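Chain and residue survey
If you want the building blocks of each chain, they are given just below.
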Amino acid sequence: MAILITGGCGYIGSHTCIEMLDAGYDIVVIDNYYNSNPEALKRVKELSGKDFPFYECDIRDADGLRRVFSAHKIDAVIHFAGLKAVGESVAQPLTYFDNNVSGTVVLCGVMAEMGCKRMIFSSSATVYGTGNPSPLKEDMPTGAVTNPYGRTKFMIEGILSDLCTSDPEWSVVLLRYFNPIGAHESGRIGEDPNGIPNNLMPYISQVAIGKLQQLSVFGDDYNTPDGTGVRDYIHVVDLAKGHVCAVDYAIKHTGVEAINLGTGVGYSVLDLVNAFRTVSGVEVPYRIAPRRPGDVDTCYSDPAKAARLLGWKAEKNVEDMCRDSWRWQSQNPQGYK
Ligand code: NAD
Ligand code: UD1
């Protein structure tokens with residue numbers, strides 16, 4: 001029994017490979033290296049002490065996928081492969097619809113053809129859009145998204161739900177991630193963004209290491225305790241463990257379930273800056289800047305469904321997240337390069 005991990009060389013994928021191997025699963029990984037470096041999987045092998053097959057393959061390449069499914073008995077797919085930069089998606093919507101949406105359609109077509117009908121999909125809290133109050137629950141309305149990246153996640157959730165309606169043999173878990181940060185506690189794998197980071201934690205770490213001068217805090221007049229945006233930060237290793245639980249669940253059930261992966265606790269931008277300074281001992285200079293278009297004031301999860309269906313709960317706290325992000329950043333100032 002093997003689990004195919006698409007996009008397994010990326011940030012969340014590489015951490016999930018380790019947790020799947022530790023849980024005793026055999027894995028097969030595909031990635032087109034669009035946003036990742038082969039060094040990540042080399043380190044996954046080193047950390048886990050296990051080897052596994054890897055294919056440089058694009059999820060839009062049906063023949064390439066057929067070769068992978070023919071060479072291995074795949075029981076389920078954890079589907080991470082996708083593009084994730086919000087700003088880029090606004091500038092290049094067709095690229096995002098082609099890669100994320102068409103890529104998923106090709107992948108599901110090959111899975112059906114090969115008799116593999118279980119998928120764990122990387123969705124996002126972004127599908128809840130702007131209209132819902134936190135804590136966000138899975139049965140709240142989705143779709144009021146603010147950018148093409150979010151729309152691809154909303155569309156794929158719909159496509160996978162329609163697939164389950166059309167064929168009751170399918171089993172799909174839509175995992176709605178909140179804000180993954182942190183890194184493996186070894187400091188050997190972590191997030192390695194291209195260019196200037198868009199997201200808060202990589203930006204903070206790059207200011208701390210001296211690559212960037214100053215953090216811009218996007219708005220201090222939100223309706224939150226200190227006026228800065230509040231998010232549900234979750235340690236990437238906790239998130240990875242959620243995937244192991246989701247695979248176990250998908251093997252025992254059919255149909256589609258959307259499940260939040262978050263801690264249920266919100267931290268502000270300044271909370272995160274302060275926690276980072278406390279654990280690293282390094283100052284993070286910042287200035288207050290205008291709000292970033294498309295941002296909401298508060299976004300955190302109700303994680304009860306994950307506890308109920310998957311038996312999963314986040315275990316690491318915000319200090320763990322900051323400590324592990326800093327260890328990764330300080331030990332690998334140039335990322336994997
Ligand atoms: P990542 O960019 O580090 O990993 C994605 C991987 O997919 C990369 O290695 C990339 O090379 C690969 N890939 C992209 N397009 C591909 C294609 N067509 N064929 C084969 N491989 C392809 O991103 P991540 O942070 O690990 O995110 C993984 C998934 O989780 C993505 O689908 C992302 O949208 C989703 N997600 C991420 C976050 C987050 O904050 N990181 C939040 C919510 C959802
Ligand atoms: C963003 C995306 C979301 C995506 C997620 C993970 C937007 C509008 N949303 O979520 O769709 O799923 O990343 O990739 O881009 N902040 C600063 N300064 C910075 C960076 C961020 O103050 O330099 C603030 C933001 O305003 C926000 C918080 O930090 O309040 C977290 O931001 P970020 O890490 O980008 O995540 P999200 O905006 O929650």
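Residues numbered from 1 in each chain as written. Chains lettered and ligands numbered in written order. Predicted model: local features only at pLDDT ≥ 70, side-chain atom pairs only at ≥ 80, totals over all residues. Heavy atoms only, no water.

1. So, the site of ligand 1
To keep things clear, this is the line we draw: Nearness is defined per residue: one heavy atom within 4 Å of the molecule or strand is enough. Polar contact is defined as a pair of N or O atoms within 3.5 Å, subject to the rule that within protein one atom must be able to donate a hydrogen and the other to accept it, and that residues adjacent in sequence are counted only when both atoms are side-chain atoms. Accessible surface is estimated by sampling points in the Shrake-Rupley manner with a 1.4 Å probe; for residues, cover comes only from the protein chains shown. Labels follow the DSSP assignment, with helices taken as runs of H or I lasting at least four residues and strands as runs of E lasting at least two, numbered in each case from the N terminus.
In the region of ligand 1, 27 residues are neighbours, and Ile12, Asp31, Asn35, Ser36 and Lys84 sit closest. In this structure, asparagine 35 approaches ligand 1 through a side-chain N or O atom, which is 2.7 Å from an oxygen atom. Measuring from an oxygen atom of ligand 1, one finds a backbone N or O atom of phenylalanine 80 at 2.8 Å. In isolation ligand 1 exposes 820 Å². Once the protein is present, 95% of that is buried. Where the shell around ligand 1 is concerned, the elements lending two or more residues are α1 (11–22), β5 (118–124) and α6 (148–166). Ranked by residues supplied to the shell around ligand 1, first place goes to β5 with three residues.

2. Observations regarding the site of ligand 2
With respect to spatial proximity, 18 residues lie near ligand 2, and among them Leu200, Ser216, Arg231, Arg292 and Asp295 are the closest. For ligand 2, an oxygen atom lies 2.8 Å from a polar atom in the backbone of leucine 200. Protein coverage of the free-state accessible area of ligand 2, which is 740 Å², stands at 88%. The leading source of residues in the shell around ligand 2 is strand β8 (residues 215–218), at four residues.

3. Let's talk about the sheet that holds strand β14 (residues 298–299)
The condition that has to hold: Any two strands with at least two DSSP-identified bridges between them are counted as paired.
Strands sit in the order β12-β9-β14 across an open sheet of three strands; the sheet is mixed. Every other strand in the sheet has two partners, leaving β12 (267–268) and β14 as the edge strands with one partner each. Examined bridge by bridge, strand β9 (residues 230–231) and β12 share two bridges and lie antiparallel to one another. Counted as the bridge partner of arginine 231 is tyrosine 267 from β12.

4. Describing the nonpolar core
Selection criterion: Throughout this description, the term nonpolar core refers to a set of buried Ala, Val, Leu, Ile, Met, Phe, Trp, Tyr and Cys residues connected via side-chain atoms within 4.5 Å. Type-normalised accessible area, obtained with a 1.4 Å probe on protein chains alone, sets the label of each residue: buried when under 20%, exposed when over 50%, and partly exposed for intermediate values. Contact between two residues is taken to exist if any of their heavy atoms lie within 4.5 Å; hydrogens are not considered.
Formed by 43 residues in total, the largest nonpolar core has its most connected members in Met20 and Leu175. Broken down by element, this core gets its largest block of residues, nine residues, from helix α8 (residues 236–252). Look past the residues within four positions of leucine 175 in its chain and what remains in contact with it is Ile120, Phe121, Ser122, Ser123, Ser124, His243, Ala246, Ile259, Leu261 and Leu310. Core analysis: the next-biggest nonpolar cluster, separate from the first, contains 26 residues, Val77, Val101, Met119 and Leu174 among them.

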